[in-house]
Amino acid sequence: MTDELSPVDIIAESAGPKAAAAVQPATNGEGEVFSPRLAGSQDIIITENVDKWFGDFQALDDVSLRIKEHEIVVILGPSGSGKSTYIRCLNRLEEHDAGRIVIDGIELNEDVRAMAAIRSEVGMVFQQFNLFPHISVLSNITLGPQKVRHMPKLEAEALAMQLLERVGIPEQADKFPAQLSGGQQQRVAIARALAMQPKIMLFDEPTSALDPEMIKEVLDVMQELAESGMTMIVVTHEMGFAREVADRLVFFDEGALVEQGTPEHFFTNPREERTKLFLSQIL
Amino acid sequence: MSELPPIPRPEQRPLPPAGGPRKIVLPPHRQRAGRPFRVKAREWISRNLFPSLGGTILTLISAGFLGIMVVGILWFVFFDANWNVITANRWLLFAGSFPREEAWRLWTSIAVVMFLIGLAYGTWSSLGRRDTLFIVLTGAFVIFLMAHGGATIWSSIWFLVAIGLLYLGYYLTVWMPRETSPRRVWHQRIVGGLLALSLPLVLVILMVAGGANTRQFDGFVLNLILAPVGIVGGLVVAIPLALGRASNMRTIKWTCTAYIEVVRGAPLLGWLFVALFILDDVIGGDLIIRTMVVLAVFTGAYMAEYIRGGLQALPRGQYEAAQAVGLNQLQAMQLIVLPQALRISIPPIVGQAIAIWKDTTLVTIILTLRELKGNADSAIAQSEFIPDRIEAYVFVAVVFWVVAFMMSRISQRVERAQGIGER
């Protein structure tokens, strides 16, 4: 990394003001919908005909999806519909069995170096936070930059403090994860993922393990991140977030991508029966 | 979705007046029931010891039983027993055939180790009142034995000096910064390094420049050398074994599994026979080194299984988070997985350590190495001490118990010190 800028600056600079209202969905050649603000962006994630099997169970069935740089995609679907499996395939926590996944020009395959390159470009936030309980909050964040990017310790700590400021809990730096509330832990997890200076952030049900009063603080951080221009793929049941922040909603059922469109489209006029059923159950 | 009516907000509570001491009144459900902090002794006794007729009878029976035992033990220790068997043979029990004119090497080793233990206590924990009581009692026991046997005053003084060094090491750590800081980490690394080096250092002190040879390690000294080698060597063997057994690569996995199952399948005695007869051709001459290898190999197989348990107890999310952060497999193991897995397996590992400490007595039976229990056997084989076998074995039992108890206490300390980041 020869960048003089810290990732925080980079993210802040690339921040384009989110188009206030994405009223008319634009459509690309393949029938995918995206906001006008993304008109100039390149595809950063390309998945083509991806299949994934767990034994006899087909978790992903022929999923094709292209996601543009700076786009915010929210994935919806009932439990067991393959939405988590899909984003776990994107940083190869799961290996797909068929089809292609290309992330920022790098194809995911058996190549270990490709995998390492992907992992440092794609940050991930888990439902259960998965902070490392035996080291301090600060060390949780500096670990990746120090060990993977070989950043000097002081620089890594400065970066970590900057990120903790950004997620609003700089005063918790020296505590251990178990001493923090769930919402604070999840914000640390977001800071930890951001410390690797990723281009893409994956969120796997980031608020599902939280007490209701803590959900908002995490969503606020995510919204701020979205406004700063990060490419985000979010699996969530938070419909408010989906409606406010997402450029595109994607609905999965039984491993297949059933329907996609703008939030407008989803909340006013869903096309598929399964989508209607699902939305009627959770709204 | 229709508009919901706004939720009525509770009225803002007035802030307490600024300044002045505030009296905190807990809400009724948080107030303690009217239980005084001190219960009168009489009340406590009647409530806990004589709550009912049945309770009273049980109390009386237990008290009588306990009383008889305590009186019996005290009577035996102070009047009945003839401790001459210990005091007359104290060198035999302690160091056996270790050359007496080289005794200073032993004293120096003990002093060095005590000093390091003091440092370790100050670095990771603290010497509480109970530890001090334990040290004082042990010291009194040893000095009583020495004085009883008419030992020169020097050995008692050496012993006191060793205890003094323990406390010196402890109080030296007051210069260590208390808060987490890079300097503190360096202090800890230095002390940890010294501890790791202590065993080779002790061997150097004992052997170098005209010291004893390994066949002269004898008596209690031999137990004290064999057990740490078995425990530390066992851990060194166990960690790669456990990782290998958890590995995805078949050959590695099967090799490690086979090692563990074969070694655990035969008793330690059997493996000591291997050391005696077979290893001679493989690693040659020195019987003590062969024994050390067997102890490490044997302990390692057990500890590997405990560590594997720790590895399996870790939530899968930890591996995934390590991967997602970009760590490679080696880094993930070293930085994330092993520290947590080892912490989980501290209790069974210490159990195994205590077991191997007691199992060092087995070397007497077949290897003709003479450790504490073996030398106690030879002590009571002398004609004048033949009636005193109980005294000899009680002494040996107490010594083994004291060390085992210390190990268990230290493991509790380690667990607590490692438990800061407990989930």
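Each remark here, short or long, concerns the structure printed above.
K.L.:
Just checking my understanding: could you explain empty space enclosed by the protein for this structure?
P.N.:
Summary: where empty space remains is shown by rolling a probe the size of a single water molecule over the atoms. Counting across every chain of the model gives one cavity of 30 Å³ or more. Roughly 60 Å³ of volume is contained in the largest cavity. Lining the largest cavity are Arg119, Val122, Gly123, Met124, Phe126, Arg192, Ala193 and Met196 of chain A together with Ala321, Ala324 and Val325 of chain B. Contributing elements (two or more residues each) for the lining of the largest cavity: β8 (122–125) and α6 (182–194) of chain A together with α13 (316–325) of chain B. Looking at side-chain class alone, the lining of the largest cavity contains eight nonpolar, one polar and two charged residues.

K.L.:
What's the story with the nonpolar core in this structure? I'm lost.
P.N.:
General note: in soluble globular proteins, nonpolar side chains tend to be found buried as a group. Residues Ile75 and Tyr86 of chain A are the most contacted members of the largest nonpolar core, which totals 110 residues. Taken domain by domain, the makeup of this core includes at least three residues from each of domain 2 (99–209) and domain 3 (212–423) of chain B. What Tyr86 of chain A contacts, discounting residues up to four positions off in sequence, is Thr47, Leu60, Val63, Leu65, Ile75 and Phe252 of chain A. Formed by 52 residues, the second largest nonpolar core is a distinct cluster that contains Ala173, Ile215, Ala242 and Val258 of chain A.

K.L.:
Just to check I follow, could you spell out the interface of chain B and chain A for this structure?
P.N.:
Size of an interface: often given as the accessible area lost when the parts come together. If you look at the interface, chain B gives 21 residues, while chain A gives 22 residues. Linking chain B with chain A are one salt bridge. The salt bridge partner of Arg88 of chain A is Glu320 of chain B, with a shortest N-O separation of 2.7 Å. Linking chain B with chain A are six residue pairs in polar contact (both at pLDDT 80 or more). Those elements that provide at least two residues to the side of chain B that touches chain A are α13 and α14 (329–344) of chain B. For the side of chain B that touches chain A, the element with the highest residue contribution is α13 of chain B, accounting for nine residues. Of the residues assigned to the side of chain B that touches chain A, the class counts are 10 nonpolar, seven polar and four charged.

The rules we used
- Residues numbered from 1 in each chain as written.
- Chains lettered and ligands numbered in written order.
- Predicted model: local features only at pLDDT ≥ 70, side-chain atom pairs only at ≥ 80, totals over all residues.
- Heavy atoms only, no water.
- 1 Å grid on protein atoms, 1.4 Å probe; cavity = no way out; pocket = protein on both sides within 12 Å on 5 of 7 lines; lining within 4 Å.
- Points joined across faces, edges and corners; volume = space filled by probe spheres on them.
- Helix = DSSP H or I, 4+ residues; strand = E, 2+ residues; numbered from the N terminus.
- Nonpolar A, V, L, I, M, F, W, Y, C, P; charged D, E, K, R; others polar.
- Core = buried A, V, L, I, M, F, W, Y, C linked by side-chain atoms within 4.5 Å.
- Buried < 20%, exposed > 50% of the residue type's maximum accessible area, 1.4 Å probe, protein only.
- Domains from an automatic or database assignment.
- Contact = heavy atoms within 4.5 Å.
- Salt bridge = Lys/Arg side-chain N within 4 Å of Asp/Glu carboxyl O.
- Polar contact = N/O pair within 3.5 Å; in protein donor to acceptor, adjacent residues only side chain to side chain.

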